[in-house]
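Each chain, written out:
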Amino acid sequence: MGGELHIVGLGPAGVGAAIAASKMGLKPVIYESMPKAGVKPCGRGVPEVGDLPGRIPKDSIMSEVKGAIMYVDGEHLFEMRGFLEGYIVDKGRMLEAMAVEAGAEIVYRAKYDHKTGEVKLPGQGRVRLERGVFAGGHPYYSGDKILAIQWVMRGKPETPEGMLEIHFDTTIMGYLYVFPKDDKAFEVGIGGFSSRSRLLARLEEFIKSREDLRRMEKLRLEGAKIGLGGLRIGRLNGLVKAGESAGFVLPLTGEGIRPSMISGFEAARAMIEGSDPIKSMERSSMGRAVETQKRILDLVMKLTVEKRRELLKSLTPKAHAEIALGRLRKAVLALELAKSPRAASILLQAL
Ligand SMILES: Cc1cc2nc3c(=O)[nH]c(=O)nc-3n(C[C@H](O)[C@H](O)[C@H](O)COP(=O)(O)OP(=O)(O)OC[C@H]3O[C@@H](n4cnc5c(N)ncnc54)[C@H](O)[C@@H]3O)c2cc1C
């Protein structure tokens, strides 16, 4: 491999791979098709679980998250404080800073062509990539995808300081969210198993139903697909797929930044060490978390809307957090599920 690790994509997975390369004495070279990082729409919420391969640079933290207020089908469920902390980040700034910190050479406007295995460089040149990590995101994911759409709005909603709002909608197997951006703007979005027009109608209905959101100025509507169909790790020419292109998104929540970064790190670490990167990613705790969440999602999809609601309502806040974050520690879950036998009987089939 020489002294370099070639990486396609300056998203969280590409950055994770760059961090591993740097830790193991290789120079990461990242080819990114866009002129800057973090262009794809994203809620930019990163929970603090302590498992990220690198440190989030302080100046990319836009706000600190202390917890979330959860609702199900319009009904207030509970507030989660103390075990759902994290950050809303300036994703582009975070990715660039972490890549630079890892000593990466970043080549912008450099598009990898998966048919030829070559990167078209911004000038005239081309470079063939024989080995490396492919982290090009959802367009290269072959499993099931849903759509997530969000309005970026000007102003400050009435959501308590430091909290996120999560509104589960059992009919679309998804949720609406209100995420702060900074003091002047925020995002109201929706993701779920439904068509673009239905999701958008549901989002507009939600905004209209809220006095604080109704009066805010809408700045822009944006959206993108999210791959929620579980792991699809493999190779693209000689490159190993990591991140969302390989299915590293938690299927119950759509959280992809942390899983993608961890998988990119794992892929590069294993490659450089000479072990099998595909097996390493599959067997990693994040790989197992994605697969367990996928089994839970499949199970919940078969339930009636009433049963889904009952499940969400009967889980303790701590069990919600444990499952949502993909931590799934047996001792914690056993203790929490013992407090909600109805949820336990449904979930135990998938765990
Ligand atoms: C509306 C929305 C909200 C979301 N909110 C959250 C959230 O709050 N928290 C969270 O954790 N996750 C969230 N996600 C999911 C998260 O954005 C992704 O799962 C995550 O960014 C995936 O990381 P990645 O590195 O695999 O891919 P990406 O972030 O998609 O990065 C891939 C990079 O590769 C580049 N690229 C693609 N093709 C090529 C090519 N051929 N050549 C060169 N470069 C290429 C792209 O330009 C891009 O920069 C959200 C997703 C959506 C759509």
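Read on for an overview of the structure.

Thresholds applied
Residues numbered from 1 in each chain as written. Predicted model: local features only at pLDDT ≥ 70, side-chain atom pairs only at ≥ 80, totals over all residues. Heavy atoms only, no water. Helix = DSSP H or I, 4+ residues; strand = E, 2+ residues; numbered from the N terminus. Pairing = 2+ DSSP bridges. Axes fitted to C-alpha atoms, helices over the stretch in contact; angles between N-to-C directions. Buried < 20%, exposed > 50% of the residue type's maximum accessible area, 1.4 Å probe, protein only. Right-handed = clockwise from strand over helix to strand, strands pointing away. Arc of directions from axis to C-beta. Contact = heavy atoms within 4.5 Å. Core = buried A, V, L, I, M, F, W, Y, C linked by side-chain atoms within 4.5 Å. Domains from an automatic or database assignment. Parallel < 35°, antiparallel > 145°, perpendicular 65-115°, else oblique. Left-handed = near helix turned anticlockwise from the far one by under 90°. Nonpolar A, V, L, I, M, F, W, Y, C, P; charged D, E, K, R; others polar.

## Considering unusual backbone geometry
Here the phi dihedral of Arg 44 falls at roughly 65 degrees; this positive angle occurs in a residue that is not glycine. You will see that Arg 109, though not glycine, has its phi angle at about 50 degrees, which is positive. Following the sequence through the fold, Arg 109 ends up in the loop between β6 (105-107) and β7 (111-113).

## Let's talk about the sheet that holds strand β4 (residues 61-72)
The eight strands lie next to each other as β3-β5-β4-β12-β13-β14-β11-β15, forming an open sheet whose pairing is mixed. Strands with a single pairing partner mark the edges of an open sheet, and in this sheet they are β3 (45-47) and β15 (217-227). Each strand axis lies, on average, 30 degrees off the axis of its neighbour in the sheet, ignoring direction. The pairing of strand β11 (residues 145-154) with strand β14 (residues 185-192) spans eight bridges and is classified as antiparallel. Looking across to β14, one finds that Ile 149 is bridged to Ile 190.

## Some thoughts on the pairing of strand β2 (residues 27-31)
Burial analysis of β2 places four of its five residues in the buried class, which makes it a mostly covered element. Note: strand β1 (residues 4-8) against β2, five bridges, orientation parallel. If you follow Leu 5 over to β2, its bridge partner there is Pro 28. Traced from β1 through helix α1 (residues 12-23) to β2, the parallel crossover comes out right-handed.

## Overview of helix α8 (residues 305-314)
Within α8, the full set of buried residues consists of Arg 308, Leu 311 and Leu 312. Buried residues of α8, seen end-on, are gathered within an arc of 95 degrees and therefore sit on one face of the element. Tucked inside the fold, the buried residues of α8 contact β4, β5 (75-89), β12 (163-169), α7 (285-301), α9 (317-324) and α11 (341-347).

## Overview of the nonpolar core
One broad trend across soluble globular proteins is that nonpolar side chains are buried collectively. The biggest cluster of nonpolar side chains holds 60 residues, and the ones touching the most others in it are Leu 5, Val 15, Met 94, Val 133 and Phe 248. Of the residues that make up this core, three or more belong to each of domain 1 (4-44 + 90-142 + 229-283) and domain 3 (302-347). For Val 15, the contacting residues outside a window of four places in its chain are Leu 10, Leu 95, Met 98, Ala 99 and Met 261. By size, the runner-up hydrophobic cluster in this structure holds 18 residues, among which are Ala 68, Ile 88, Leu 164 and Tyr 177.

## Some points on the packing of α1 against helix α2 (residues 91-101)
A pair of packed helices is characterised by two quantities: the angle between their axes and the separation of those axes. It is at 9 Å that the axes of α1 and α2 come closest, and there the two elements cross at 20 degrees. By the angle between their axes, α1 is roughly parallel relative to α2. Our pair here, α1 against α2, has a crossing hand that is left-handed. Only Lys 91, Leu 95, Met 98 and Ala 99 of α2 make contact with α1, whose side of the interface consists of Pro 12, Val 15 and Ile 19. For the contact of α1 with α2, a count of residues per class yields six nonpolar, no polar and one charged.

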